[in-house]
Structure formats: C-alpha cells, structure tokens
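# Working through the structure, step by step
Take a look at the letters that make up each chain.
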Amino acid sequence: MAVLSDSRVLHLPLIFSLLLLLLLLLLPLLLTAAAGDHQSLHQNKKKVPALIVFGDSIVDSGNNNGIKTIVKCDFPPYGRDFPQMQPTGRFSNGRIPSDMIASALGVKDYVPAYLDPDLTPEDLLTGVTFASGAAGYDPLTSELMSVLTLDDELRLFREYQTKLKAIAGEERAASIIRDSIYLVIIGSDDLANTYFTTPFRKKQFDIPSYADFLVEKASIFYQELYNLGARKMAIVGLPPVGCVPSTRTLSGGVLRQCKDVYNQAAQLTNFKLSKAVDKLGATLPGSRLVYVDIYTVLLDMILYPSKFGFKVSDKGCCGTGAIEVSILCNQLVPHTCTDVSDYVFWDSYHPTENAYKVITDSVITNYLPRLL
C-alpha cells in the first residue's frame, strides 16, 4: 500500500486551507450571480411607469364584459380567489399574469381592462390591458367569436394615447408610452379554435404555411405597435395547446392523451415567431423586443405536476374539468373542486392562479431584466 510522503502530508492542510479561503472569497459572487436577475429587476422597476397589455384571455381582465360575445367569465365561480371573491372577467380563479408582472415591476397590483366603465385617470397613467378573450393573430379567430381583433386593440390603444395626453400632458404622456413595458400574449386560439377546429383555414394552409401566416400577422402588429411609440416589448410564445384539458377531451381519444400535432404546430409557430422577433428587433431603432418561452415551463407542469406542488394536470378544477370553460364554467356546474391548489388548470383551458405564478416567475427571472 502506498504511503504519503511527509512533504505531501504537510502540504495537505495548506491546500485545504487555500481551497476554503477561495470558496469563502467566491461565495458572495456566486450568491450575487444567482440573485442577479431578481436584483436587476428590483433596482430598475421604478423606471417602468406602466405595463400596457395586448392579447387574449390569458391577460383579459374584463374587456369581454363590455362587448357582445359568448366568451365571458364575469360570473362565479370565476374570480373565487380574487379579492372579495369578485368575478372581474379574468379567465381564472384569481390573478392573471399581467397582474403578477405589474406587481413585480412595482407598477400596481392589478392591471384593469381598458373597457372597464370604472377606469380612473390613475389607471390610465399606470397601464391597462386591451386584451380580449379568444382573440388571435389571425383576424378570423376573433371574428368567429365576436371579440376584439388586434386591429381593434390597436385602435383602442390610439384612443388611450389621446386620453393619456389629456391627463398627463404631451411630454409626460410621450415618456409613459416610450418607457412602459408592453406585454403581448396571444396565438393559442388561432390553433385551438380556428385551424384545428374549423375547416376555414385548413383549405388555405397546411400547418407550416399557417404558422408563416400567423408570424406575418404578428410582425405587422409589432411594427405598428412600434410606430405608435412602443419600445420595450415582451412577446410571449404559444403554450402546449395539445395538452390543455379541452383539447385532450375533444381530440385525445378515450384516454384523453395530449394531441401531439397541436403541440408540434405550436412549437413550429414559436420557432418562426422567435426568429421574426429577433429580426424585427434588429431593424427597429431603439427597440427591445424579447421573445418569451412559456411552452417549456407549462408543459413541464403538465407532465410532472408534483414537481411544482400540483396533483392534477389533465383536467380543470371547474366542474368535471374536461370541457367546462367560459359560459360552461358557471355557478350551476356541480363538482367544482374545493382545493384549487391541487390543480394546474382552473377550467378546461386556462391555468389556475398558482400555475400562472409558476409561469410568471419564470418570465420575471429569465426575460424581464432584458427589458429594463
């Protein structure tokens, strides 16, 4: 058996001491790096005057309440975990991602709908949402459900700017428009409600060409948003629409499995959209456009719910959880779950507040600092 020489034995304590000293010196740097994104957000959030939101039901806090459409949720049990158990028009049991991001930025705790009749001047100064449940990049998606198109959302944004100037004056209004963060979440309904559910677009497009069509519409929208003064945009990709409970029920067979072709279409669209966002950002002077991936974290929650503290990911809390959404998820539906914290999904399409928090924490950590 080999025996250490005296000289090597004498040097071992010295080596261990040096390693310990090096670790102690590096520890603050390692901790700083681990907390870097959150610290950056904390230091810079006061520079963000408002959060301005466009999109679909994921970030609609009540715009659909005021338009003639069946895509509504301003009734129980929606909002049962919102303050005062109030159904506001948010498609969840509580807060939605726009609320959480505005709070993380230090702007305000809740982002109101622009069409809210009780909107105040302060609401306008700190941001609103123009999002409409069931909207899409594809104008047909919105038209089929009689909700706001993206062109409608831009029209309302122009109207908002006029009101903002009247409240804050030209100079301050221009500063708010320039320095605000713009959050856009839209596109899932184009696949789930239009392409795969109706025959209209399948006659014109295969999946790759429909993805190209959506990205073309998206690029036009972001260019127009830039022309209207937006500079910092968080552009959120599509979720795994093939694994939401309603898709599993309608297209997943007797075992209610994820529909792979839906997910593949979402992934392809996301790939093309991320490339288009990078290209567009490089051509728009003074802009910061960030593509945000939520597909990965939501799919991870669906496939491995216990990893995130959930128990159920293949059905929603509301009713049977298999098909209930919007007007089908109402206070007359029996069997709505008592412990929503067990569920990834609130209804058959939209995540719970707790699931939204997991997704939003990922956005706050990995993407928001790039806009500050």
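All values reported here derive from a predicted model rather than from experimental measurement.

### Structural notes on the overall build of the chain
Summing up its helical and strand segments, the chain has 13 helices and six strands in all. Buried residues in the chain amount to 53% of all 372 residues. Put simply, of all contacts in the chain between residues at least 6 apart along the chain, 71% involve residues at least 24 apart. Just so you have it, the chain exposes about 17,300 Å², and 59% of that area is on carbon and sulfur atoms.

### Notes on helix α12 (residues 295-303)
Side chains of residues three or four places apart in an α-helix project in the same direction, reflecting 3.6 residues per turn. Within α12, seven of the nine residues are buried, which leaves the element mostly enclosed by the surrounding structure. Of the residues making up α12, those classed as buried are Y295, V297, L298, L299, D300, M301 and I302. Buried residues belonging to α12 abut α10 (245-251), α11 (260-283), β5 (312-316), β6 (343-345) and α13 (353-366).

### Some details on the sheet that holds strand β3 (residues 232-236)
Paired through their backbone hydrogen bonds, the strands of a sheet run either parallel or antiparallel. Strands sit in the order β1-β2-β3-β4 across an open sheet of four strands; the sheet is parallel. The open sheet has two edge strands, β1 (51-55) and β4 (288-292), and neither has a second partner. If you compare each strand with its neighbour and ignore which way they point, the axes differ by 20° on average. Here β3 runs beside β4; their pairing, made up of five bridges, is parallel. Each bridged residue has a counterpart across the sheet, and for A234 the counterpart in β4 is V290. Strand contacts of helix α3 (residues 97-104): β1 and β2 (181-185), with the helix running at about 160° to β1, the strand carrying the most contacts.

### Considerations on the layout of surface pockets
Considering only enclosed or pocket space, the largest pocket measures out at about 640 Å³ in volume. Along its surface, the largest pocket is lined by 28 residues, and M145, D189, N193, V325 and Y349 are the ones closest to its centre. Residue assignment for the lining of the largest pocket shows that the elements contributing at least two residues are α5 (139-145), α8 (188-195) and α10. Taken together, the residues that form the lining of the largest pocket break down as 15 nonpolar, twelve polar and one charged. Every residue lining the second largest pocket is counted, 17 residues in all, and those nearest its centre are S61, Q86, T88, R90 and D116. Its residues placed into classes, the lining of the second largest pocket shows eight nonpolar, seven polar and two charged.

### Here's the deal with empty space enclosed by the protein
Scanning the entire structure with this criterion turns up two cavities of 30 Å³ or more. Here the largest cavity defines a volume of roughly 250 Å³. What lines the largest cavity is a set of 24 residues, and nearest its centre among them are I58, I185, P239, I294 and Y356. If you list the elements that add at least two residues to the lining of the largest cavity, you get α3, β2 and α13. The element that contributes the greatest number of residues to the lining of the largest cavity is α13, accounting for four residues.

### What about the environment of I220?
Tracing the backbone through its elements, the reader meets I220 in helix α9 (residues 207-227). Residue I220 is classed as exposed on the basis of its relative accessible area, which comes to 51%. Here the alpha-carbon distance between I220 and Y137, two residues 83 residues apart in the chain, equals 9.9 Å.

### Comments concerning α8
For α8, the tally of buried residues reaches seven of eight residues, placing the bulk of the element in the interior. Regarding α8, the residues found buried are S188, D189, D190, L191, A192, T194 and Y195. Where α8 is buried, its residues meet α5, α9 and α11.

### A closer look at a nonpolar patch on the surface
Judged by side-chain polarity, I70, L250, I323, I327 and L328 come together as a nonpolar surface patch covering roughly 480 Å² of accessible area. Within the fold, L250 resides in helix α10.

### Regarding the nonpolar core
Membership of the largest hydrophobic core comes to 111 residues, with the highest contact counts inside it found for F54, F157, Y160, Y222 and L225. Setting aside anything within four residues of it in sequence, one finds L225 in contact with F54, L154, F157, Y182, V184, A230 and M233.

### Some details on the side chain of S246
Here S246 is to be found in helix α10. With a relative accessible area of 10%, S246 lands in the buried category. Here S246 is in contact with A322, S348 and Y349, once residues within four sequence places are set aside.

### Quick look at the state of the cysteines
Taken as a whole and judged by the stated rule, the model has three disulfides. Here C243 engages in a disulfide with C258; their sulfurs sit 2.1 Å apart. Residues C243 and C258 are joined by a disulfide whose S-S torsion is about 120°; by sign, that bridge is right-handed. Of the two residues, C243 sits in the loop between β3 and α10 while C258 sits in the loop between α10 and α11, which places them 15 residues apart along the sequence. A relative accessible area of 22% means that C258 is categorised as partly exposed. Regarding the disulfides, the chain carries the connectivity 1-2, 3-6, 4-5 under sequence-order numbering of its bonded cysteines. Free cysteine: C73, not disulfide-bonded; nearest cysteine sulfur from C329 at 8.8 Å.

Rules behind the numbers
Residues numbered from 1 in each chain as written. Predicted model: local features only at pLDDT ≥ 70, side-chain atom pairs only at ≥ 80, totals over all residues. Heavy atoms only, no water. Helix = DSSP H or I, 4+ residues; strand = E, 2+ residues; numbered from the N terminus. Buried < 20%, exposed > 50% of the residue type's maximum accessible area, 1.4 Å probe, protein only. Contact = heavy atoms within 4.5 Å. Areas by Shrake-Rupley, 256 points an atom, 1.4 Å probe, with all protein chains shown as cover. Pairing = 2+ DSSP bridges. Axes fitted to C-alpha atoms, helices over the stretch in contact; angles between N-to-C directions. 1 Å grid on protein atoms, 1.4 Å probe; cavity = no way out; pocket = protein on both sides within 12 Å on 5 of 7 lines; lining within 4 Å. Points joined across faces, edges and corners; volume = space filled by probe spheres on them. Nonpolar A, V, L, I, M, F, W, Y, C, P; charged D, E, K, R; others polar. Patch = residues over 30% accessible without salt bridge, like charges linked within 9 Å, V, L, I, M, F, W, Y side chains within 5 Å. Salt bridge = Lys/Arg side-chain N within 4 Å of Asp/Glu carboxyl O. Core = buried A, V, L, I, M, F, W, Y, C linked by side-chain atoms within 4.5 Å. Disulfide = S-S within 2.5 Å.

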